[in-house]
Amino acid sequence: MGFFSFMQEIAMDLGTANTIIINDDKIVVDEPSVVALDRRTDKMIAVGERAKLMYEKTHENIRTVRPLRDGVIADFTACEQMMRGLIKMVHTGSRLFSPSLRMVIGVPSGSTEVELRAVRDSAEHADGRDVYLIFEPMAAAIGIGIDVEAPEGNMIVDIGGGSTEIAVISLGGIVSNNSIRVAGDDLTAEIQEYMSRQHNVKVSERMAERIKIHVGSALTDLGDEAPEDYVVHGPNRITALPMEVPVCYQEIAHCLDKTIAKIENAVLSALENTPPELYADIVRNGIYLTGGGALLRGLDRRLQDKISIPFHIAEDPLHSVAKGAGIALKNVERFSFLMR
């Protein structure tokens, strides 16, 4: 990659919680989707991990923004700044000028035309010359290693930070899909609300996220896989005195129950709209779980008990979409489902 490489190719999974960039088949950037801006000038101060450390800890001159909400760009300028900052991390080394980019970006399958336009515009403003979009469940399927162009039905459930994408894929297209704006962020918000209501302790979004990682569960009985209780420190909601509350996975499973039920219903409704031949393939192949939500303890068992179809957790659920976008980048001419 000398001074004369005019076109650089990158694949990007622009997620609500994390943004992952692949370049030359390697994950070069895997950072939280957060950007810190100066309130007075709107200049970028930090992006990714550094900005996340500032999240919920800023003074009035700095604002930290998560530009994507529910899988969709909520703050256009911040998103553009964030994409620019993260793409800069790929361009290491000395260059006289930054090359123009060919990009493949994963987008939620339930996106409207306006939302797709917003992603495309942001990418073009961040030096993208050739921008292709790919629906996330399709990218996830390619990333897991499924032959998406085969005349066979496969079902993907991609639970991200802002949206859950459920899609049945056959012959290089999405046959039936269901995209709901219920995902990891909603689980975090449920935990925050539960801690406040049940234990009278105020917890931040980041603390709720930590509780979810340490003791989050979809089942009240995990058997041998049960995690140890997690001790939460925070101020009492009424007296503001410091509190120490041990939290066990059973109570978190109860608190997340309603949100997980919404995901179950969405999977069932996607299955309802699936043609019988493809339905038979899905029962035989099982359903694939990807995205960060797939890491929630016991989720596969709970869905399997409810739907009576085997659920498989992808090998690297967090990076499936990015890997799939990377493979699509190499086959831009061949894959007819990429959107210009």
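Check the entry above for the structure.
Residues numbered from 1 in each chain as written. Predicted model: local features only at pLDDT ≥ 70, side-chain atom pairs only at ≥ 80, totals over all residues. Heavy atoms only, no water.

Participant: Quick one: what's the story with the overall build of the chain, residue by residue and with numbers?
Facilitator: If you tally the helices and strands in the chain, you get 10 helices and 17 strands. Relative to the compact-globule value of 20 Å for 340 residues, the chain shows a C-alpha radius of gyration of 21 Å, a close match. Counting only residues that meet the buried cut, the chain has 55% of its 340 residues in that class. Sequence-distant contacts in the chain: of pairs separated by 6 or more residues, those separated by 24 or more amount to 64%. As displayed, the chain has an accessible area near 15600 Å², and 50% of this comes from carbon and sulfur atoms. (Helix = DSSP H or I, 4+ residues; strand = E, 2+ residues; numbered from the N terminus. Rg over C-alpha atoms; globule rule 2.2 N^0.38 Å. Buried < 20%, exposed > 50% of the residue type's maximum accessible area, 1.4 Å probe, protein only. Contact = heavy atoms within 4.5 Å. Areas by Shrake-Rupley, 256 points an atom, 1.4 Å probe, with all protein chains shown as cover.)

Participant: So what about the layout of surface pockets? Which residues, and what values?
Facilitator: By volume, the largest pocket is sized at about 1000 Å³. Lining the largest pocket are 46 residues; nearest its centre among them are A17, N18, E209, G292 and L318. Elements represented by at least two residues in the lining of the largest pocket include exactly β1 (7–14), β2 (18–23), β3 (26–32), α1 (49–54), β11 (154–159), α5 (184–199), α6 (205–215) and α10 (320–330). For the lining of the largest pocket, the leading source of residues is α6, giving six residues. (1 Å grid on protein atoms, 1.4 Å probe; cavity = no way out; pocket = protein on both sides within 12 Å on 5 of 7 lines; lining within 4 Å. Points joined across faces, edges and corners; volume = space filled by probe spheres on them.)

Participant: Residue-level account of the side chain of D13, with values.
Facilitator: Position of D13 among the secondary structure elements: in strand β1. Although buried, D13 forms no salt bridge, and the nearest oppositely charged side chain, K323, lies 11 Å from it. Here D13 is in contact with N18, T19, I20, E136, L318, V321 and A322, once residues within four sequence places are set aside. (Lys, Arg positive; Asp, Glu negative; His and termini not counted. Salt bridge = Lys/Arg side-chain N within 4 Å of Asp/Glu carboxyl O.)

Participant: Account for the packing of helix α7 (residues 249–272) against helix α9 (residues 299–307), with residues named and values stated.
Facilitator: In a packed pair of helices, the relevant descriptors are the angle between the two axes and the axis-to-axis distance. Contact geometry for α7 and α9: axes closest at 11 Å, N-to-C directions at 50°. Our classification of the angle between α7 and α9 gives oblique. In this structure, α7 crosses over α9, and the sense of that crossing is right-handed. Together, D257, I260, A261, E264, V267, L268 and L271 of α7 and L299, R302, L303, K306 and I307 of α9 make up the contact between the two elements. Class assignment for the residues of the contact of α7 with α9 results in eight nonpolar, no polar and four charged. (Axes fitted to C-alpha atoms, helices over the stretch in contact; angles between N-to-C directions. Parallel < 35°, antiparallel > 145°, perpendicular 65-115°, else oblique. Left-handed = near helix turned anticlockwise from the far one by under 90°. Nonpolar A, V, L, I, M, F, W, Y, C, P; charged D, E, K, R; others polar.)

Participant: Hey, could you go over the pairing of strand β15 (residues 242–247) for me, with residue numbers and the actual values?
Facilitator: Here strand β14 (residues 230–235) runs beside β15; their pairing, made up of six bridges, is antiparallel. For Y230, the partnering residue across the bridge sits in β15 and is V247. Once β14 ends, the chain turns through six residues before running back antiparallel as β15, passing A240 with a positive phi of about 65°. (Pairing = 2+ DSSP bridges.)

Participant: Got a sec to walk through the sheet that holds β11? Specific residues and values, please.
Facilitator: Spatially, five strands are ordered β13-β12-β11-β16-β17 in an open sheet, and the strand pairing comes out mixed. Edge positions in the sheet fall to β13 (173–180) and β17 (311–313), since each of these pairs with one other strand and no more. For this sheet, the mean inter-axis angle between neighbouring strands, taken without regard to orientation, is 20°. Relative to strand β12 (residues 164–170), β11 runs antiparallel, the two being bridged by six bridges. Bridge assignment links D158 to a residue of β12, and that residue is E165. Along the sheet, α9 contacts β11, β16 (287–290) and β17; its crossing angle with β17, the most-contacted strand, is approximately 165°.

Participant: Please provide a residue-by-residue account of the pattern of salt bridges, values included.
Facilitator: In total, this model carries 21 salt bridges according to the counting rule given. Residue R117 pairs with D121 through a salt bridge whose shortest N-O separation is 3.0 Å. Placement of the pair is R117 and D121 together in helix α3 (residues 113–125), with a separation of four residues, close to one helical turn. A relative accessible area of 46% places R117 in the partly exposed class. In this structure, a network of salt bridges that share partners links the residues R66, R69, D185 and E205.

Participant: With reference to specific residues and values, describe the environment of N61.
Facilitator: On the secondary structure map, N61 appears in the loop between α1 and β6 (62–65). On the basis of relative accessibility, which here comes to 26%, the residue N61 falls in the partly exposed class. Through-space distance from the C-alpha of N61 to that of E264 is 43 Å; in sequence the pair is 203 residues apart. Ignoring any residue separated from it by four or fewer positions in sequence, one finds N61 in contact with L37, D38, R39 and R40.

Participant: Which residues make up the sheet that holds β6, and what values go with them?
Facilitator: One open sheet accounts for three strands, arranged β5-β4-β6; its pairing is antiparallel. The outermost strands of the open sheet, each flanked by one partner alone, are β5 (44–47) and β6. Neighbour to neighbour, the strand axes of the sheet diverge by 20° on average, direction disregarded. Where strand β4 (residues 35–38) meets β6, four bridges bridge the pair, whose relative direction is antiparallel. Paired with L37 across the bridge in β6 is R63. The strands that helix α2 (residues 76–90) touches are β4, β5 and β6; relative to β5, the one it contacts most, it runs at about 60°.

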